[in-house]
Amino acid sequence: MNNKKIIKASFFHSPKYGDIEFLKQALVFVSSNGIISKVIRQDDENYLELLEKHSKDNNFFDFKDKIILPGFIDLHIHAPQWPQAGLALDDELSYWLNNFTFPLESKYQDLDYAREVYSDLVKTLLANGTTSAMYFGTIHNEATLELAKICASYGQRGFVGKVVMDDKTMNPDFYRDNSTKEAIDNTEKFILDVQTLAKDVFQGVYPVITPRFVPSCTDNALLELGKLAKKYNCYIQSHCSESDWEHNFVIERFGKRDSEVLDQFGLLTDKSVMAHGNFINSEDADIFKKQKSSVCHCPISNSYFANAVFPVNQLKKQGLNICLGTDISGGFSPSLYDNIKHTVMASRMLNDGVDNKLDANNRGTNNARVSVFEAFYLATTGGGEALKLPLGIFKEGYICDFQVIDINSPSNKLPKYLDNEEDKHLLQKILYLSTSENIREVWVQGKQILKKD
Ligand code: GUN
Ligand code: FE
């Protein structure tokens, strides 16, 4: 447990897709379990009285002119690929997997190597404002459990999966599960080990069932993983309709699209987060909606491996829940700020089109622009909705995770020379111009877990 706290600051959040709210110099009351018990705005009638009453308390934190944003939620990241972030992005997906990624991931049978890389990654994500993350580990139980322990000890809310890739015809001998049975038994053991670990983790740590993607798994493994998901009511993550190659491979193997196959094996539930979804059609989106599953948009990675731009707005309009992921190392950046920006930029290319030989009217896709506030929603509230946890909003009953932004940080001072700036302009500047230098503190579940001096 923890002490109750009162936090006075100016907060931005996005309770609704496209809308932002600025809670200027609000008071946020946090219970000892890290949940927000009340939010008092400056224009509430008892604001001054409460301020007077509590401002001298030991547990009163006044952030003055710093700006608070919700902790970001990265729902697709391959922890073992951190050493190759930024490398080998000039090839297509299956070549990249076989020639770079699988050899790297096979190294995580070495626990010391895993510990070193995973500690560095979790610290880096926290320094970039990411307070919750859903990770792919590797096929190795020990190293992946170590990742869960590292999230637990650094104070990040981790969702962690031991990867299953059991098909002998699709995966190299040096890096695959020895058998389907072993893959399933190890997954069940991993779930139980993380559930045991979770008993002592204040901010939560969760096991995630993780078939790498349909092409790397046998039918039997997919079926058994679906059963485990039901038995343990677990989160599920995988890749879905990421690239032409992957999407078409699944259609050739099953005569069905990726979403239908995942659904048929019980892998689309309200706790499923499927990465990419670049080729899902509106029937697939209906399946996702019916099962309350989410798609994790990975815009930087998609620019390298997807062969298309994910139509965020079209699918949001259809009612699909969408969250955001870095997809390290298909995406090179550990920062969701970078992915927010890239969500906006990729959507502009989709909207306007890219072939300058075409007439403007035939070049793009109507209404495809995603605003920076909509992208901010994906990184915060959309992530909470995907996890089915009260995250991403400063509101009674929500978990208190946040990042503290100093717009006057000496190493990256944001320009402020206009005298007619509205509140929303400040958030636009923060989202476009800030770097991890501007993030001075990170709090998870009502506790400060990182402070930069
Ligand atoms: N599909 C299967 N494995 C991977 C991976 O590691 N990264 C990406 N981007 N796609 C995948
Ligand atoms: Fe991925």
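Quick note: structure is the one above.
Once a new chain begins, its residue numbering starts again from 1 and follows that chain's sequence as written. Chain labels run from A onward and ligand labels from 1 onward, assigned in the order the entries are written. Selection of residues for local features in this predicted model requires a pLDDT of at least 70, selection of side-chain atom pairs for listing and counting requires 80 or more, and totals for whole chains, interfaces and linings are taken over all residues. The side-chain numbers reported here are obtained from all heavy atoms of the structure, hydrogens and water having been left aside.

Caption draft 1: The coordination of the iron ion (ligand 2), seen in detail. Distances up to 2.8 Å from the metal define which N, O and S atoms are donors, and 3.2 Å serves for Na, K and Ca; water is absent from the atom set, so sites may look incomplete. Listed as protein donors to the iron ion (ligand 2) are His76 (NE2), His78 (NE2), His239 (NE2) and Asp327 (OD); their distances from the metal cover 2.1 to 2.3 Å. Between 85 and 135 degrees for all angles marks four donors as tetrahedral; over 155 degrees for opposite donors together with 65 to 115 for all other angles marks four donors as square planar and six as octahedral; every other arrangement is irregular. Taken together, the 4 donor atoms coordinating the iron ion (ligand 2) span angles of 87 to 178 degrees at the metal, a pattern that classifies the geometry as irregular. Motif for the iron ion (ligand 2), donor spacing along one chain: H-x1-H-x160-H-x87-D. With His76 in strand 5 (residues 72-78) and His239 in strand 10 (residues 235-240), this pair connects stretches of sequence that are 163 residues apart. Residue His76 shares its accessibility class with His239, and that shared class is buried. Every helix listed is a DSSP run of H or I at least four residues long, and every strand listed is a run of E at least two residues long, numbered separately from the N terminus. Burial classification: accessible surface area is computed with a 1.4 Å probe over protein chains only, and a residue below 20% of its type maximum counts as buried, one above 50% as exposed, and the rest as partly exposed.

Caption draft 2: Fine view of the site of ligand 1. What makes a residue near a molecule or strand is one non-hydrogen atom of that residue sitting within 4 Å of it. Close to ligand 1 lie His78, Gln81, Leu93, Trp96, Leu97, Arg212, Phe213, His239, Glu242, His276, Ser301 and Asp327. At a separation of 2.8 Å, an oxygen atom of ligand 1 approaches a polar side-chain atom of Gln81. Two N or O atoms form a polar contact when they lie within 3.5 Å of each other; inside protein one atom must be a possible hydrogen donor and the other a possible acceptor, and for residues adjacent in sequence the pair counts only when both atoms belong to side chains. In the environment of ligand 1, a nitrogen atom lies 3.5 Å from a nitrogen or oxygen atom belonging to the side chain of His239. Only the protein chains shown count as cover for residues, and all accessible areas are computed by the Shrake-Rupley method using a 1.4 Å probe. When ligand 1 sits alone it has 280 Å² of accessible area, and the protein chains cover 100% of it. Both cavities and pockets are sets of points on a 1 Å grid over the protein atoms alone; in a cavity a 1.4 Å probe fits but cannot get out, in a pocket the set is open with protein on both sides within 12 Å along at least five of seven lines, and lining residues sit with an atom within 4 Å of a point. A molecule is counted as occupying a cavity or pocket when more than half of its atoms fall within 2 Å of that pocket's grid points. A majority-of-atoms criterion places ligand 1 in the largest cavity. Per-element tally for the shell around ligand 1: the top contributor is helix 2 (residues 93-105), with 3 residues. For the shell around ligand 1, the residue count by class is 4 nonpolar, 5 polar and 3 charged. Under the convention adopted here, Pro, Cys and the residues Ala, Val, Leu, Ile, Met, Phe, Trp and Tyr are nonpolar, Asp, Glu, Lys and Arg are charged, and Gly plus all remaining residues are polar.

Caption draft 3: Structural context of the environment of Lys447. By the secondary structure assignment, Lys447 is in strand 16 (residues 447-451). Relative accessible area serves as the criterion here: at 31%, Lys447 is assigned to the partly exposed category. Distance in space between the C-alpha atoms of Lys447 and Ser32 is 9.6 Å, their sequence separation being 415 residues. Throughout, a contact is declared for two residues whenever any of their heavy atoms are within 4.5 Å. Aside from chain neighbours lying at most four places away, what touches Lys447 is Asn2, Lys5, Phe202 and Val442.

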